[in-house]
Amino acid sequence: MRGGLSGPRVLLRRLREVMAEPISAQERLDKIVVTIAANMVAEVCSLYVLRADGVLELFATEGLNREAVHKASLRIGQGLVGLIAAEAAVLNLADAQEHPAFSYIPGTDEEAYHSFLGVPILRSGRTLGVLVVQNRVRKTYSEEEEEALQTTGMIIAEIIASGEVLGLAAAQQTVLDLNRPMHVPGVVLSDGVGLGHVVLHEPRVVVTNFIAEDPEQEVKRLTAAIANLRLSIDDMIDSGEVAHHGEHRDVLEAYRMFAYDRGWTRRMEEAIVRSGLSAEAAVERVQSDTRARMQRQTDPYLLERLHDFDDLTYRLLRELMGKEKSSELPDNAIVVARSMGAAELLDYDRSKLRGLVLEEGTTTSHVAIVARALSIPAVGQLANVVSLAENGDSIIIDGESGYVHLRPPADVEQAYVTKVRFRARRQERYRQLRFKAPVTLDGVRIALNTNAGLLFDLPHFDESGADGIGLFRTELQFMIAPTFPKLGQQAELYSKILDGATGRPVTFRTLDIGGDKVLPYLTRSVQEENPAMGWRAIRIGLDRTVILRTQVRALLKAAGGRELRVMFPMISTVDEFIKAKELVKGEQRFLEKHGHALPSSLKLGAMIEVPALLFELDELLSVVDFVSVGTNDLFQFMLAVDRGNAKVAQRFDPLAPSFLRALRTIARKSAEYGKPATLCGELGGTPLTAMALMAVGFRSMSMAATSVGPVKDMIRSVNLGELEALLAPALNRPDGPPIRKLLQDFAESRDIPLN
Ligand code: PEP
Ligand code: MG
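Residues numbered from 1 in each chain as written. Chains lettered and ligands numbered in written order. Predicted model: local features only at pLDDT ≥ 70, side-chain atom pairs only at ≥ 80, totals over all residues. Heavy atoms only, no water.

Named according to an unreviewed UniProt entry, the chain is phosphoenolpyruvate--protein phosphotransferase originating from Pleomorphomonas diazotrophica. Of the chain, the UniProt comment under Sequence similarities (unreviewed entry) reads exactly: "Belongs to the PEP-utilizing enzyme family." (UniProt positions renumbered as here; feature names shortened; annotations may be inferred.)

See the structure below:
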């Protein structure tokens, strides 16, 4: 390379001059490719820009046939250029034509060139185009040349992101525009509509100054920022404020590992010294490289670490650019994140939060359950939404259709203002239903309860007009607390809940931690490979009896003189229930001996979440007072689909005959034994699925408070006898038409409201 190590710096300087020239966008791109080709002694330099339709269009070239500009194009994944874009990876080939993915781009006259170096043009980990240099001779490009081209790619990424090249694409096509309105389909996690502005859960820092005036000074700035970063992470770990930020200790340890990684530091220093980048640009460059490399991993553990690495990079950029992550949430905030734990969501100021948008997230994940408990609309599984959104962008979240509208045009916004008004009218209708009983047209009374977990659920419970609280998830108190809640604190919450319920029954579920519900302060000795089937729920309770005993004592004390209902999560064998029951009896005797008032009645139940219990129903029903089906877990274990894994969670329909037959068995057997059976998984929460549950025999359900109105509306319009007659034969025909469709048609033909 001409000029040795100073080559990239010279190139950057020239590019800066080109950027400052008052010329048209096309002229600028043309000059850029000429400059790169000259600096790198390449015979060809070509720039491909990704269009909104997923096609990479040739935007400028030096060396190939210029006639092909804005005519030649490739799809993502097609040819070498398409491969680079698809994998966000560099290709450095001595003979491109021997590569299996090589495909000649007609009209470009590129057949004369053998060596090929192509880099993705990345911005915030997102591919915006591809930059290529080619030579006639067969040679492998040096590492410095790779770096120089990648650095140039960063500058071109900024030009693309600025919108300057928008109008240049071939007729009828548009460049992928980061500022244009976007409608992105996702999966509904929590019903509701929210209008507001994007707040990135992990704010991005936009680097605008790429070129180092004084590289030595930039290295010093970088070194100082890394030292500060390390200190702040050490502090966070040492000071125990971990739990406060909802951050898991593992994550912080991962930060620490990256922060002290010498390879990382070295690569950033090299990017400054060799390529003449500013400290910020060097951090971003190394992030893009690392992201691209790690993204190709399929190991979920490493992918998870990728998020940690991104977060660490943003922290370092904030150090360099002096921007603190603001903890103050603006009004009408719609938080956008890759993924989020339930505890992190609870950390946000609820009075300002209008919605939650996730790249991941499934309907039965706990963050979704908490969003529903908070009545915050949430949509998940929106690929790449974090890269598409900028802090402050206007955004609409439609938790009815599952669409998220980024930077919506005025007419869309207007339509949603109307929709919000319409929804308010519907809510009013549900409020009026509040005092009406959930009775079917043929006179069958269905008990409707709500799922809750925190004190602020009480007003929602009250407004819903539900019969009681069918599932009180006690772990939520533990998840938002910085340390283990003491007996007194637990008893205080339970007592307030019972007060608020004013005599209506409340079923408390003992701690269901483990799985995806982690307590930062309860450290585990081993990392579990399958936490959902690991040490969780009643298993922890029976192993660490102090935890369960303390909770049971708190419950018994809180319910002195009142009715108490307690159930145990994740019971796998009848024996586990018996052990838990004995523990409760022991606590009862203890309190009695010490003169405490005991509950006026005590009912103990088991959650049916593990399929094995289906084959021990007789024994189980002989010892319990009631059962409650946790369909979220039961479905995950029966179908072997991880409820939190967006790739598979939606793969099977719970309204399939196999699962409904299992539920029917539970309902029938419980009736035979005269033991009440209720159901508290998310399946009870939509009118359509609730119809199926009633048809297989459930007369009691528990759901998010916001679901009570819509489900009651359905119940009051349905004839249960007719519904049963419709479903019974369908359950015996696994090859028949989908039950979901049958129910939809049934509802439509009888004007049964489904939302
Ligand atoms: C369930 O599994 O259906 C349930 C209600 O419990 P959770 O969602 O809290 O695991
Ligand atoms: Mg469960």
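Caption draft 1: Representation of the sheet that holds strand E6 (residues 126-135) within the structure. One open sheet accounts for six strands, arranged E3-E2-E1-E6-E5-E4; its pairing is antiparallel. Each end of this open sheet is capped by a strand with a single partner; those strands are strand E3 (73-75) and strand E4 (91-93). In this sheet, adjacent strand axes meet at a mean angle of 20° when their direction is disregarded. Across six bridges, strand E1 (residues 44-50) lies against E6 in antiparallel orientation. Residue Cys 45 lies in a different strand from E6, and its bridge partner there is Val 133. Docked against the sheet, helix H2 (residues 25-39) engages E1, strand E2 (55-62) and E6, running at close to 65° with respect to E2. (Pairing = 2+ DSSP bridges. Helix = DSSP H or I, 4+ residues; strand = E, 2+ residues; numbered from the N terminus. Axes fitted to C-alpha atoms, helices over the stretch in contact; angles between N-to-C directions. Contact = heavy atoms within 4.5 Å.)

Caption draft 2: Local environment of the site of ligand 1. Taken together, 16 residues form the shell around ligand 1, and within it Arg 473, Arg 509, Glu 609, Asn 632 and Arg 643 come nearest. At 2.9 Å from an oxygen atom of ligand 1 is found a side-chain nitrogen or oxygen belonging to Arg 473. Between an oxygen atom of ligand 1 and a main-chain N or O atom of Thr 631, the distance comes to 3.1 Å. Coverage of ligand 1 by the protein chains reaches 100% of its 290 Å² of free accessible surface. Each residue belonging to the shell around ligand 1 can be placed in one class, and the counts come to four nonpolar, five polar and seven charged. There are two domains that each give the shell around ligand 1 at least three residues, and those are domain 4 (453-608) and domain 5 (627-755). (Near = heavy atom within 4 Å. Polar contact = N/O pair within 3.5 Å; in protein donor to acceptor, adjacent residues only side chain to side chain. Areas by Shrake-Rupley, 256 points an atom, 1.4 Å probe, with all protein chains shown as cover. Nonpolar A, V, L, I, M, F, W, Y, C, P; charged D, E, K, R; others polar. Domains from an automatic or database assignment.)

Caption draft 3: Geometry of the confidence of the model for the chain. Of all residues in the chain, 93% have pLDDT values of 70 or greater, and the mean over the chain is 88. With pLDDT under 50 throughout, residues 1-5 is counted as low confidence; its partners more than four residues away or in other chains account for eleven contacts. When the criterion is pLDDT under 50, residues 241-247 qualifies, and its contacts beyond four places in sequence or with other chains add up to 19 contacts. (pLDDT = per-residue confidence, 0-100.)

Caption draft 4: Focus on the sheet that holds strand E9 (residues 193-200). The eight strands are arranged E7-E14-E13-E9-E10-E11-E12-E8 in an open sheet whose pairing can be described as mixed. A strand with exactly one partner marks an edge of an open sheet, and here the two such strands are strand E7 (182-185) and strand E8 (187-190). Averaged over all neighbouring strand pairs, the angle between strand axes comes to 30°, with direction disregarded. By the bridge criterion, five bridges tie E9 to strand E13 (residues 394-398) in an arrangement that is antiparallel.

Caption draft 5: Up close: the coordination of the magnesium ion (ligand 2). At the metal site, the magnesium ion (ligand 2) is ligated by Glu 609 (OE) and Asp 633 (OD), and these contacts range over 2.0 Å. Of this pair, Glu 609 sits in the loop between strand E19 (601-608) and helix H20 (617-623) while Asp 633 sits in helix H21 (residues 631-638), and the two are 24 residues apart along the sequence. Summarising the burial analysis for this pair, Glu 609 and Asp 633 share the class buried. (Donors = N, O, S within 2.8 Å, 3.2 Å for Na, K, Ca; no water. Buried < 20%, exposed > 50% of the residue type's maximum accessible area, 1.4 Å probe, protein only.)

Caption draft 6: Structural context of the pattern of salt bridges. Tallying each qualifying case throughout the model produces 45 salt bridges. For the salt bridge of Asp 633 with Arg 643, the shortest nitrogen-to-oxygen distance reads 3.0 Å. Placement of Asp 633 in helix H21 and of Arg 643 in the loop between H21 and helix H22 (657-673) is noted, with a sequence separation of ten residues between them. Each member of the pair, Asp 633 as well as Arg 643, is classed as buried. Residue Arg 733 pairs with Asp 735 through a salt bridge whose shortest N-O separation is 3.8 Å. Using a relative accessible area of 46% as the deciding quantity, one classes Arg 733 as partly exposed. Connected via shared salt-bridge partners are Asp 191, Asp 398, Glu 400, Lys 419, Arg 423 and Arg 426. (Salt bridge = Lys/Arg side-chain N within 4 Å of Asp/Glu carboxyl O.)

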